[in-house]
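Examination of the molecular architecture
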Amino acid sequence: QKEVEQNSGPLSVPEGAIASLNCTYSDRGSQSFFWYRQYSGKSPELIMFIYSNGDKEDGRFTAQLNKASQYVSLLIRDSQPSDSATYLCAVRIGTGGFKTIFGAGTRLFVKA
Amino acid sequence: GAGVSQSPSNKVTEKGKDVELRCDPISGHTALYWYRQSLGQGLEFLIYFQGNSAPDKSGLPSDRFSAERTGGSVSTLTIQRTQQEDSAVYLCASSLGGEVGNTIYFGEGSWLTVV
């Protein structure tokens, strides 16, 4: 089992719709969870992080964390063509150090 | 500097040669990470440095790969006897520390092509 798993997609949504991206992780000791966006040929950039159960909202983005079920999700409201990118889930593992493991990413296409 | 700086930005090398990739983290950041990303793939964890602690080398794919961090700042990733499968972008990142919530900031990457 991979430490961080994401559906590779591609996920295609129409402009203005809600995009839902999911991620599961295997280490129950994990403490912090991050969502990064990566455009083709560019480095990942942080969207937001979450470390408490529940929802965290930042503009059009909402991160959701459920530690009991070991999943974290990202909702993008009012999706725009400029949101088309690969979304990477990252988990900071809290046992034996604080290394951060990334999922393989989900490709999102927002159709105009 | 203002961000994570990596050099070289692009490197083409012949199979069997050694390469060194350099990373200068954000000033004051005690944690430093190396990741590898092959074309169309996710980020593969290689190694993690945190302050003066022993590095976590659990992601290094073979003994041809090594990394060091001098003076708690600049890091060098060395790949010996390069193979074609080593071709990838090598991303360095840094963060303030290992505490919960500290964000990782990435450099622009070193694109390695082994021919």
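In case you missed it, the structure is sitting above this.
First, a word on scope: everything that follows refers to the structure included in this document. Bear in mind that the values here come from a model prediction, so they are computed numbers and not experimental data. (Residues numbered from 1 in each chain as written. Chains lettered and ligands numbered in written order. Predicted model: local features only at pLDDT ≥ 70, side-chain atom pairs only at ≥ 80, totals over all residues. Heavy atoms only, no water.)

For the rest of this paragraph, the subject is the pairing of strand β7 (residues 75-79) of chain B. All names here are of chain B. With four of five residues buried, β7 is to be regarded as a mostly interior element. Bridging between strand β3 (residues 19-24) and β7 involves five bridges; their strand directions are antiparallel. Counted as the bridge partner of Cys 23 is Ser 75 from β7. By the bridge criterion, five bridges tie strand β6 (residues 65-69) to β7 in an arrangement that is antiparallel. Each residue of the ladder has a partner; that of Arg 69, found in β7, is Ser 75. (Buried < 20%, exposed > 50% of the residue type's maximum accessible area, 1.4 Å probe, protein only. Helix = DSSP H or I, 4+ residues; strand = E, 2+ residues; numbered from the N terminus. Pairing = 2+ DSSP bridges.)

This part covers the nonpolar core. Of all hydrophobic cores here, the largest spans 41 residues; its most connected members are Trp 35, Leu 74 and Tyr 87 of chain A together with Tyr 35 and Phe 106 of chain B. For this core, the leading source of residues is strand β9 (residues 85-92) of chain A, giving six residues. Leave out the neighbours within four places in its chain, and Phe 106 of chain B touches Tyr 36, Ser 43, Pro 44 and Phe 102 of chain A together with Val 4, Tyr 35, Leu 43, Leu 91, Cys 92 and Ala 93 of chain B. Core analysis: the second largest hydrophobic core is formed by 20 residues, Leu 21, Leu 77, Ile 79 and Val 114 of chain B among them. (Core = buried A, V, L, I, M, F, W, Y, C linked by side-chain atoms within 4.5 Å. Contact = heavy atoms within 4.5 Å.)

What follows covers the sheet that holds strand β3 (residues 19-25) of chain A. Residue and element names in this part refer to chain A. Ordered by their spatial adjacency, five strands build an open sheet running β1-β3-β8-β7-β6, and the pairing between neighbours is antiparallel. Edge strands, defined here as strands with exactly one partner in the open sheet, are β1 (4-6) and β6 (54-58). Neighbouring strand axes in the sheet, compared pairwise and without regard to direction, differ in orientation by 20° on average. Bridge count between β3 and strand β8 (residues 71-76): six bridges; the pairing is antiparallel. Counterpart to Leu 21 in the pairing with β8 is Leu 74. (Axes fitted to C-alpha atoms, helices over the stretch in contact; angles between N-to-C directions.)

Excluding glycine, most residues fall at negative phi; most peptide bonds, likewise, are trans. The omega torsion across Gly 9 of chain A and Pro 10 of chain A is 10°, close enough to zero to call that bond cis. Tracing the backbone through its elements, the reader meets Pro 10 of chain A in the loop between β1 and β2 (11-14). In this structure, the amide linkage connecting Ser 7 of chain B to the following residue, Pro 8 of chain B, adopts the cis form with an omega of -10°. Backbone geometry places Asp 78 of chain A, a non-glycine residue, at a positive phi of 50°. Relative to the elements of secondary structure, Asp 78 of chain A occurs in the loop between β8 and β9. Residue class for Asp 78 of chain A comes out partly exposed when judged on its relative accessible area of 41%. The backbone of Arg 81 of chain B shows a phi angle near 50°, a positive value even though the residue is not glycine.

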